[in-house]
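# Fold and contact review
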Amino acid sequence: MSNKIYSNWVQLHNDSNLRKNLADKISDSWYESFKANIDPYKSKPFIYSNKDFEKVKEDSKSIYIHANYVLERMYKCMPKTNLGLALFDKNACLLKLYGSDYFMTWAKENYLVKGVVLSENVIGTNAISLGLRHKQPISVVGEENFSKFAIDIASYFSPVILELEKNEMIVYGGVAIIGPVTEKDNNLLTTAIAISREINLQLFWFNNLTTLTSAINGYGIIGIDQSSGKNHVLFSNKNIFDILSIPHIDIYYKTLEEVIDPYPKNKKFWKIINNSEIVTDITINLSINNNQIYVSMSTTPFFEHKFHINGLSIHINSTERLNNLISNHTGNNARFTFSTIIGKSENYLEILNHAKAASFNNSNILLLGESGVGKDVIAQAIHNESPRKNKSFIAINCAALPKDLISTEFFGYDEGAFTGSRKGGNVGKFELANNGTIFLDEIGDMPLDLQATLLRVIEQKSFMRIGSNISTKLDVRIIAATNKNLIEKIKQREFREDLFYRLAIIRINIPPLRERTEDILLLANNFINLICERINKPPVTLSPEVKDFFMKYSWPGNVRELQNLLEGIIQIYNDKTITLQHIKHYFDTAFQLYDQSKTYVPLELHSSNALAVNKNMGNSDTKEKIIKALDLNKQNKTRTAEYLGISRRTLYRKLDEYDLL
């Protein structure tokens, strides 16, 4: 700027005495404008072309939409028709003007049109660029404006800023009350501040809604504004992108049809949306970019009468979130860890080390061992030690399910898949366990036809619900368990050899309790403490005779039998010490339940207990004892084995040896 121009400006402002009253920030801005050699007589603001302005609006649509609802209402309440409202983006570009025809004509004559950029670098000091730079309200009136074209303008500007945590700020732009300098009024700055705060409140509400709802993994929300007859996305949280498997892009005020495949795809979904139906937790199949996904969907209406908004909030839960919720509330969640497992026997500790090492990979595991050794406990510990520990753990007993229902339990079904199927369909256990672990107990009792299906699922890493043609990708770690001899079952063609090798990549054989005698009293004392604490009884102790019996007894029911025995005695008796008599009575009572005629032979409870008796059996009397035990226990093999103090495997071997099968 030439010295002549500067001198003229100084003379002008000295004559009006205005220079003495300029605020520090305005003075600093004037000085910077001088340094930048901006000519106050020739400088004019830059105006975007229509094409470029549309891009500016797209980038500023958040403040444009939210502020529009406020400013449309506010300008109608303006006390003077020659004042108007202006909305600016964060770069001081004028997005929209609100005012009377008189104001619009005046504004156009003073370069105040959509797309004009009131940049401090181009036109020097002005309220909009100064307020944005300092992030605070400010007024610049008449000759406080640096450029001559603006000396007849009074501007009262307040920025729209959203303050976040850690002193972070998002500057969206701002609003200004603008008019001829003859209408200057210091109270107008207060009004501008009030308007910007109302816009801030709207932005805060929607931003807070997005932040809060994003804290719940697997829960997505989309709010749509239907007031214009279209489905404009008004708000959404970040989870929705992961649930729908779409890129994390800005979908604000895009139509919902740009996010979810439009009609005629997703007919059920669009029927709900276009009719503004209110639904709760319905299972729906969505087509997203030609990919099929299952979700649970709910809708709620919302109204903003003040801003003339009405629409729907669409709540979408991913199947993974639903599966985790179901898993956590069905008792199938994994509770045990390796640190909570009791044992110090060398052979058992070795097994635990193998199991822990197996936890860190995704290979399928087969747990072998007699009934009651704690295969389910080991399975839970493996899951909780694995990278999948924060995902679902689903346990299913293959022997407990009716053959005609086992496929639907495993893989679920779609609505209408068969007569009597539940509305909305049903989620299967494998879908519940997706991304986590599924524990298939008693795998040796799985029907052959389902074995073939399971093999196919393992190989293809996907499955279909019954009655569906949609394939669901599967990422699940299988831990199977059995007390059966699967090699023998393979020979008898009762178990598929190819499935066995798929499941038994890692094999862990858990020893029976009688082979880990060092752990018996440890387990007993632990069970006593847990049981007494649960039923609010003082802790009890074991008599020396009971300890001796525990160490010599064969425990055919293994750890489960020990736990049940102690719980039964502690529940019934109030004595401080468990004696041999308590145990004799417990076993006698148990065998009375097996034989209603009560023609049973009571268990000998002394140092030569059942295990010792069995070890000393001669071939001549063993067959007779087995026959008698079978008769006493109504030919029930499990109870007979328990009565004799031997495993079922040993019993079957002897039955075969003596031609008793």
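Residues numbered from 1 in each chain as written. Predicted model: local features only at pLDDT ≥ 70, side-chain atom pairs only at ≥ 80, totals over all residues. Heavy atoms only, no water.

## Re the overall build of the chain
How we decide: Counting from the N terminus, the helices are DSSP H or I runs at least four residues long and the strands are E runs at least two residues long. Any residue under 20% of the maximum accessible area for its type is buried, any over 50% is exposed, and the rest in between are partly exposed; the area is computed with a 1.4 Å probe on protein chains only.
On a plain count of helices and strands, the chain comes out with 26 helices and 21 strands. Taken over 661 residues, the chain has a buried fraction of 50%.

## Some remarks on the sheet that holds strand 15 (residues 437–441)
The line we're drawing: Any two strands between which DSSP finds at least two bridges are classified as paired. Working convention: axes come from line fits to C-alpha atoms, limited for helices to the stretch in contact. Angles between N-to-C directions cover 0 to 180 degrees. Here, residues are in contact when the closest pair of their heavy atoms is within 4.5 Å.
Strand order across the open sheet formed by 5 strands is 14-15-18-13-19, with parallel pairing between neighbours. Bordering the open sheet on either side are strand 14 (393–397) and strand 19 (506–509), each of which pairs with just one other strand. Each strand of the sheet is rotated relative to its neighbour by a mean of 15 degrees, with strand direction disregarded. Taken together, the 4 bridges between strand 13 (residues 365–368) and strand 18 (residues 477–482) define a ladder with parallel strand orientation. Considered in strand 18, the bridge of Leu-368 is made with Thr-482. On top of the sheet, helix 12 (residues 346–358) reaches strand 13, strand 18 and strand 19; it is set at about 155 degrees to strand 19, its chief contact.

## A closer look at the nonpolar core
For clarity, the cut-off: We call a set of buried residues a nonpolar core when its members are Ala, Val, Leu, Ile, Met, Phe, Trp, Tyr or Cys and they connect through side-chain atoms within 4.5 Å of each other.
In terms of nonpolar packing, the biggest core is built from 39 residues, with Leu-71, Leu-87, Ile-199 and Leu-234 touching the most fellow members. Counting 31 residues, the second-largest nonpolar core is a separate cluster that includes Phe-430, Leu-454, Leu-474 and Ala-504.

## Overview of the confidence of the model for the chain
Note: predicted coordinates in regions of low pLDDT should not be interpreted at a detailed level. In plain terms, the rule: Per-residue confidence from the predictor is reported as pLDDT, which spans 0 to 100.
Overall, the prediction assigns the chain a mean pLDDT of 83, with 86% of residues at 70 or greater. The low-confidence segment residues 1–22, where pLDDT is below 50, has 27 contacts with residues more than four positions distant or belonging to other chains. In this model, residues 591–618 is a region of pLDDT below 50 whose contacts with residues beyond four sequence positions or in other chains number 48 contacts.

## A look at the pattern of salt bridges
The line we're drawing: Salt bridges are identified by distance alone: a Lys or Arg side-chain nitrogen within 4 Å of an Asp or Glu carboxyl oxygen.
Following the criterion strictly, the structure yields 18 salt bridges and no others. Taking the shortest distance from any N to any O, the salt bridge between Asp-445 and Lys-484 comes out at 2.7 Å. Of this pair, Asp-445 sits in the loop between strand 15 and helix 16 (448–460) while Lys-484 sits in the loop between strand 18 and helix 17 (486–491), and the two are 39 residues apart along the sequence. Its relative accessible area of 32% is what places Asp-445 among the partly exposed residues. Residue class for Lys-484 comes out partly exposed when judged on its relative accessible area of 28%. Here Arg-496 makes a salt bridge to Asp-498, at a shortest N to O gap of 2.8 Å. With relative accessibility at 29%, the residue Arg-496 sits in the partly exposed group. Residue classification places Asp-498 among the partly exposed positions, given a relative accessible area of 33%. The network of salt bridges with common partners includes Glu-32, Glu-120 and Arg-133.

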